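So you can see what is in the structure, the chains are spelled out below.
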Amino acid sequence: MKPEISTTLLPKTNPPENEVSGVSSISGAVFNISTSMVGAGIMSIPATLKVLGIIPGFVVIIIMAFLVEVTVEFLLRYTNYSGEANTYGGVMAESFGKFGSVALQICIMISNFGALIIYLIIIGDVLSGSQSDGVLHSGVLQECFGFHWWNERAYSVLFIVIFVMLPLLLLPRVESLAHASAVSILLAVVFVVIIAGMAVYAMLEGQTQELKLFPDFSDGFSYFNLFTTIPVMATALSSCHVTIHPVRAELEDQSNMRSAVRISLALSVVIYMAVGFVGYLLFGESIMADMLVNFDQTSNSPGGLLVNAIVRLSYALHLMLVFPVIFYILRANMDEMIFPRKSLLASDTTRFVSITLVLLAFVYFVAIALPNIWYFFQFMGSTTVACIAFVFPGAIVLRDIHGISTKIDRTMAIIVVILAAVTSVVAISTNLYSSFGNTW
């Protein structure tokens, strides 16, 4: 009997028989998976290269991509093996019972809420400016029209939420977002091309910055600071784990899922390396944790200001199109937690719209109330994302309720779990120490 396919993260108690599947192509899967990888984390890669150096930074990106591919392979292998567990939550429930599925739900909710809030914060920074270390960075709207009430952060972000994001969020199936995801990836590529052109121009003018090939341990730099970069890269590349099952459920040929993941990883690695290298080349040691801040009036010429505005707007639009894919996962997970015995969410218009509006309003108000949560971004990568991407898949293989893992699988699972645990503990400790100074 052919196993039933669900588009939610967790299995329904009584799945509806009229559920739609097998309508997406491999290209649509690649775009949706790539979009979940190339999100807000891309702006932090140049800052991580400043800490690690170019060569170790590239090596870490490649290693992270390899580990992501390994853990996704773990999840796909245990999915539908028994004919029942066809979602990430189903695999966790099959291996660890209700406790496993609830733990996954909590991690997904925290990480996706955090990601969506950060997206709105970045969009608000681009449009309406921000303040960092006492310095006011004006937004594109202020630079073009001056300071007015209607281009303040609360109103500009609200306009984007209602007129750009909400129509996409009301699409019931993730496959419907494939075209938006394709545009978002195109915008990421355009962003890379533009800043690469800026770097070439800076090289011709002799204005590029000196790059470190390896980390500089002078001036009291601690080895432990190197570990703080790993959660940032993990958050960037590892967001696909919660996306693969909804995308797979709508894939016409589900055997193509592994190929779609590998293509997405290769594309994302190229984009991350290009952005990291070029951004570091442009701004050097002055690079900010959010590189977009560096594009705030970095040139005194009108042409330079125009290019900077285009760079920021292209990336903000990219995030607007990434937002619906991450939101889709959050909404499905929230619905499963609150209404575990209800019918498919997309078939219940009232429930679908209500959950969408409540979640969107919550994300909006938090983003306006807390305009700077980058430390939360680091902690999120050190905890919930590490669990979703590495700890849980490794634990599933070590549990091995179907007896299908090999010795190599178990060895890799142990390595992944230990690496995630050690780097998370060190990164959290280092961030706490940096936050509170030498008072400990």
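Residues numbered from 1 in each chain as written. Predicted model: local features only at pLDDT ≥ 70, side-chain atom pairs only at ≥ 80, totals over all residues. Heavy atoms only, no water.

A. Region of interest: helix H12 (residues 349-369). Between its first and last C-alpha atoms H12 spans 30 Å; for 21 residues at 1.5 Å apiece the expected length is 30 Å, and the two agree. Buried within H12 are the following residues: Arg351, Phe352, Ile355, Thr356, Leu359, Leu360, Val363, Tyr364, Val366 and Ala367. (Helix = DSSP H or I, 4+ residues; strand = E, 2+ residues; numbered from the N terminus. Expected span 1.5 Å × (residues − 1). Buried < 20%, exposed > 50% of the residue type's maximum accessible area, 1.4 Å probe, protein only.)

B. Local environment of the environment of Met412. For Met412, the location among the structural elements is in helix H15 (residues 407-436). With 15 residues separating them along the chain, Met412 and Val397 place their C-alpha atoms 9.3 Å apart.

C. Up close: unusual backbone geometry. A positive phi angle is found at Asp400, which is not glycine, with a value near 45°. Mapped onto the elements, Asp400 comes out in the loop between helix H14 (384-399) and H15. Judged by its relative accessible area of 16%, Asp400 is buried.

D. Up close: the confidence of the model for the chain. Looking at the chain as a whole, the pLDDT averages 78, with 78% of positions reaching at least 70. Below a pLDDT of 50 lies the segment residues 1-21, which in the model reaches 59 contacts outside its immediate sequence neighbourhood of four places, other chains included. (pLDDT = per-residue confidence, 0-100. Contact = heavy atoms within 4.5 Å.)

E. Inspection of the side chain of Ser128 at higher detail. Relative to the helices and strands, Ser128 resides in helix H4 (residues 88-128). For Ser128, a relative accessible area of 11% translates into the label buried. There is a polar contact of 3.5 Å between the side chain of Ser128 and the backbone oxygen of Glu152. Residues contacting Ser128, with those up to four places away along its chain left out, are Gly139, Gln142, Asn151, Glu152, Arg153 and Ser156. (Polar contact = N/O pair within 3.5 Å; in protein donor to acceptor, adjacent residues only side chain to side chain.)

F. Local environment of the packing of aromatic side chains. One pass over the full model with this rule turns up five aromatic pairs. A ring pair is formed by Phe191 and Tyr315, whose centres lie 5.6 Å apart and whose planes are at 45°; its orientation type is tilted. A residue pair is termed long-range when its members are at least 10 positions apart, and Phe191 in helix H7 (residues 178-204) and Tyr315 in helix H11 (residues 302-338) qualify at 124 residues. The same class applies to Phe191 and to Tyr315, which are both buried. (Phe/Tyr/Trp six-rings, centres within 6.5 Å; stacked < 30°, edge-to-face > 60°.)

G. The nonpolar core, seen in detail. In this structure, Leu120, Phe191, Ile195, Met291 and Phe323 are the most contacted members of the largest nonpolar core, which totals 121 residues. With 20 residues, H4 is the single largest residue contributor to this core. Contacts of Leu120, omitting those with residues within four sequence positions, involve Val157, Val161, Met165, Phe323, Val363, Tyr364 and Ala367. Core analysis: the second largest hydrophobic core is formed by six residues, Leu168, Leu177, Leu187 and Leu321 among them. (Core = buried A, V, L, I, M, F, W, Y, C linked by side-chain atoms within 4.5 Å.)

H. The arrangement of the packing of helix H6 (residues 153-169) against H12 in detail. It is the contact of H6 with H12, at a shortest axis distance of 11 Å, that shows an interaxial angle of 155°. Taken as axis vectors, H6 and H12 run roughly antiparallel relative to one another. Considering how the two elements wind past one another, H6 and H12 form a crossing that is right-handed. Residues Arg153, Ala154, Val157, Leu158, Val161, Leu166 and Leu169 of H6 touch H12, and the partners they reach there are Phe352, Thr356, Leu357, Leu360, Tyr364 and Ile368. Partitioning the contact of H6 with H12 into residue classes produces eleven nonpolar, one polar and one charged. (Axes fitted to C-alpha atoms, helices over the stretch in contact; angles between N-to-C directions. Parallel < 35°, antiparallel > 145°, perpendicular 65-115°, else oblique. Left-handed = near helix turned anticlockwise from the far one by under 90°. Nonpolar A, V, L, I, M, F, W, Y, C, P; charged D, E, K, R; others polar.)

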